[in-house]
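Structural description and commentary
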Amino acid sequence: MSAQTATRVSSLYLHVPFCAQKCAYCAFYSEPAGGELVNRYVAALIREMEMVADDLQPHTIFFGGGTPSLFNLRQWSQVLQSMARLNLLGAQEFTVECNPATVSADKAKLLRDFGVNRISMGVQSFDDALLDRLGRIHSRAMVFKSFDILRRAGFDNLNLDLMFAIPGQTLEVWRSTLDEALALGSEHLSSYEVIYEDDTPLFAQLQAGKFDVNEELACAMYDELVERAGAAGFRQYEIANFAKDNPLTRLEATFSPLSGERTGAKGAIPRSACQHNVNYWRGGSFYGLGPSATGYVRAVRTKNWSNTQLYCELLEQGKRAIESSEALPPLKRAGETAAFGLRLVAGWPFEEFCRTTNFDLRREWSADMNRLADRGWAEILPDGFHLTRQGLRFADAAAEMFLR
Ligand SMILES: C[S@@+](CC[C@H](N)C(=O)[O-])C[C@H]1O[C@@H](n2cnc3c(N)ncnc32)[C@H](O)[C@@H]1O
Ligand code: SF4
């Protein structure tokens with residue numbers, strides 16, 4: 001089947017594998033940027049886009065990393081002009097991840113001019129000592145400045161990333177970070193508990209006994225997050241993600257067959273939710289370009305090489321830079337889709353799950369759903385299944401039960 005006759009893929013992720021310096025906790029594939037390699041990478045990424053453009057009609061685009069905002073104006077122009085030439089612009093949601101230290105008015109204007117309409121900024125904390133401890137290159141002052149630059153450039157859909165349970169962070173410091181973040185008035189908030197990833201300096205410090213993990217404090221911080229974000233007008237729609245509620249959403253929820261608050265009803269996902277990520281959690285297809293990126297197209301999962309030099313060499317030879325590709329058997333894929341979707345507060349409406357996977361949760365996973373409900377981790381409703389607040393805290397363990 002040619003790309004013209006098949007339904008084209010509506011979601012595109014592009015990975016930019018460069019950072020000014022590596023943060024102490026981070027295991028995303030990226031390396032400190034070196035001038036010529038970035039130019040070479042830009043050319044390779046454009047080549048990779050050319051190879052898949054015919055099969056794409058992007059509804060969502062997400063430049064992640066790494067630090068996409070590290071590109072200079074010329075590099076961004078090259079990338080965006082190539083996207084225009086390949087008919088890849090015009091997405092309903094077009095996100096670029098930014099580090100607050102690398103935002104400028106010129107860059108913000110260029111991105112807006114080419115249709116970028118959402119910026120996700122890695123803030124992490126408003127406490128300069130903690131930012132330092134995390135190895136961040138930005139200060140709290142830069143967050144305010146960059147936020148202002150982005151607003152002035154016309155961005156009306158901004159996300160802030162925060163982290164909690166950082167070693168040395170007290171409940172008081174977390175509360176004031178939350179309050180300062182909420183006071184900025186972004187449309188979206190993502191907030192992650194620190195994960196101790198192998199091979200990171202923070203993990204090495206933990207292993208060396210430099211600090212302890214305090215699970216009780218982490219729980220208290222999560223509770224603060226959920227409460228304060230809710231009080232500031234955010235709706236939690238995923239374990240770590242909150243979006244500004246809006247009147248339309250409430251209206252949609254009102255018209256859903258069951259309460260939009262508690263069920264899989266569509267209205268429970270706010271309109272300012274990250275549509276790109278909702279597509280992942282709902283088991284949708286997407287192309288993933290750039291080193292280390294994964295993609296999922298027509299039941300085949302691919303992963304690119306996590307090596308920028310090799311990525312460039314392969315693209316320069318006219319080859320895709322795919323390290324592995326796996327055609328997923330339908331039941332395995334359905335199990336993964338079930339597991340992903342449980343991260344959403346809305347869980348899974350039974351009908352939607354059937355439409356997505358051709359499997360029925362009530363048939364294949366009935367025993368697992370009952371076991372979770374008995375533990376108080378989930379609720380089974382007439383038309384859907386979702387984790388409870390307690391279940392969301394243990395979502396990884398709950399999700400594992402659905403894998404086949
Ligand atoms: C790719 S980064 C965001 C953009 C940009 N690179 C930056 O950091 O400013 C994605 C987000 O994942 C979160 N993150 C990364 N590593 C993490 C870890 N080990 N534990 C918890 N959150 C993490 C951070 O909040 C980070 O902002
Ligand atoms: S958190 Fe962001 S800036 Fe820090 S190393 Fe990871 S990708 Fe780079």
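Above this text is the structure in question.
This text gives an overview of the structure that appears in the document. Given the structure is predicted, the values throughout are model-derived calculations rather than measurements.

Procedures and definitions
- Residues numbered from 1 in each chain as written.
- Chains lettered and ligands numbered in written order.
- Predicted model: local features only at pLDDT ≥ 70, side-chain atom pairs only at ≥ 80, totals over all residues.
- Heavy atoms only, no water.
- Buried < 20%, exposed > 50% of the residue type's maximum accessible area, 1.4 Å probe, protein only.
- Helix = DSSP H or I, 4+ residues; strand = E, 2+ residues; numbered from the N terminus.
- Arc of directions from axis to C-beta.
- Contact = heavy atoms within 4.5 Å.
- Near = heavy atom within 4 Å.
- Polar contact = N/O pair within 3.5 Å; in protein donor to acceptor, adjacent residues only side chain to side chain.
- Areas by Shrake-Rupley, 256 points an atom, 1.4 Å probe, with all protein chains shown as cover.
- Nonpolar A, V, L, I, M, F, W, Y, C, P; charged D, E, K, R; others polar.
- Pairing = 2+ DSSP bridges.
- Axes fitted to C-alpha atoms, helices over the stretch in contact; angles between N-to-C directions.
- Core = buried A, V, L, I, M, F, W, Y, C linked by side-chain atoms within 4.5 Å.
- Phe/Tyr/Trp six-rings, centres within 6.5 Å; stacked < 30°, edge-to-face > 60°.

In this section: helix α3 (residues 105-113). Those residues of α3 that sit buried are Lys-107, Ala-108, Leu-110 and Leu-111. Seen from one end, α3 has its buried residues packed into an arc of 160°, which puts them on one side. Exposed residues pointing more than 90 degrees away from the buried face of α3 are listed as Asp-106, Lys-109 and Asp-113. Where α3 is buried, its residues touch α2 (73-85), β5 (93-98), β6 (118-124) and α5 (140-152).

Let's shift gears to the site of ligand 1. Around ligand 1 sit 18 residues, and of these Gly-66, Gln-124, Arg-136, Asp-161 and Ile-195 come closest. Tyr-25 is positioned such that a nitrogen or oxygen atom in its backbone is 3.0 Å from a nitrogen atom of ligand 1. Separating a nitrogen atom of ligand 1 from a backbone N or O atom of Ile-195 is a distance of 2.9 Å. Compared with its free state, where it exposes 560 Å², ligand 1 has 93% of that area covered by protein. The residue inventory of the shell around ligand 1, partitioned by class, reads 7 nonpolar, 6 polar and 5 charged.

Spatially, β15-β17-β16 is the arrangement adopted by the 3 strands of the open sheet, whose pairing is antiparallel. Unpaired on one side and paired on the other, β15 (348-349) and β16 (378-381) mark the two borders of the sheet. Together, β16 and β17 (384-387) form the strand contacts of helix α15 (residues 366-374), whose direction differs from that of β16 by roughly 125°.

For the rest of this paragraph, the subject is the site of ligand 2. Ligand 2 sits among Cys-19, Lys-22, Cys-23, Tyr-25, Cys-26, Gly-65, Gly-66, Thr-67, Asn-99 and Arg-136. Grouping the constituent residues of the shell around ligand 2 by class yields 4 nonpolar, 4 polar and 2 charged.

Attention shifts here to the side chain of Thr-308. Looking at the secondary structure, you find Thr-308 in helix α11 (residues 308-316). One polar contact links Thr-308 to Glu-31, side chain to side chain, over a distance of 3.4 Å. In this structure, Thr-308 is in contact with Pro-17, Phe-18, Tyr-29, Glu-31, Leu-37, Tyr-41 and Pro-291, ignoring residues within four places of it in sequence.

Bringing the environment of Gly-384 into the picture now. Its place among the elements puts Gly-384 in strand β17. Residue Gly-384 is classed as buried on the basis of its relative accessible area of 0%. The spacing of Gly-384 and Thr-95 is 289 residues in sequence and 30 Å in space, taken between C-alpha atoms. Those residues in contact with Gly-384 that lie beyond four places of it in its chain are Trp-348, Pro-349, Phe-350 and Glu-379.

Turning to the nonpolar core, a few remarks are in order. Phe-63, Met-83 and Phe-402 are the most contacted members of the largest nonpolar core, which totals 91 residues. Excluding its chain neighbours within four sequence positions, the residues that come into contact with Phe-402 are Gly-335, Ala-338, Ala-339, Leu-342, Leu-361, Trp-365, Asp-368, Met-369, Leu-372 and Phe-385. Grouped together as the second largest cluster of nonpolar side chains are 13 residues, Tyr-237, Ile-269, Ala-273 and Ala-346 included.

In this structure the tally under the stated criterion is 17 aromatic pairs. When the ring of Tyr-41 is compared with that of Phe-71, the centres are 6.1 Å apart and the planes differ by 40°; the resulting orientation is tilted. Of this pair, Tyr-41 sits in helix α1 (residues 35-52) while Phe-71 sits in the loop between β4 (56-65) and α2, and the two are 30 residues apart along the sequence. Taken as a pair, Tyr-41 and Phe-71 share a single burial class, namely buried.

From the geometry alone we can't say anything about function, so treat these as descriptive.
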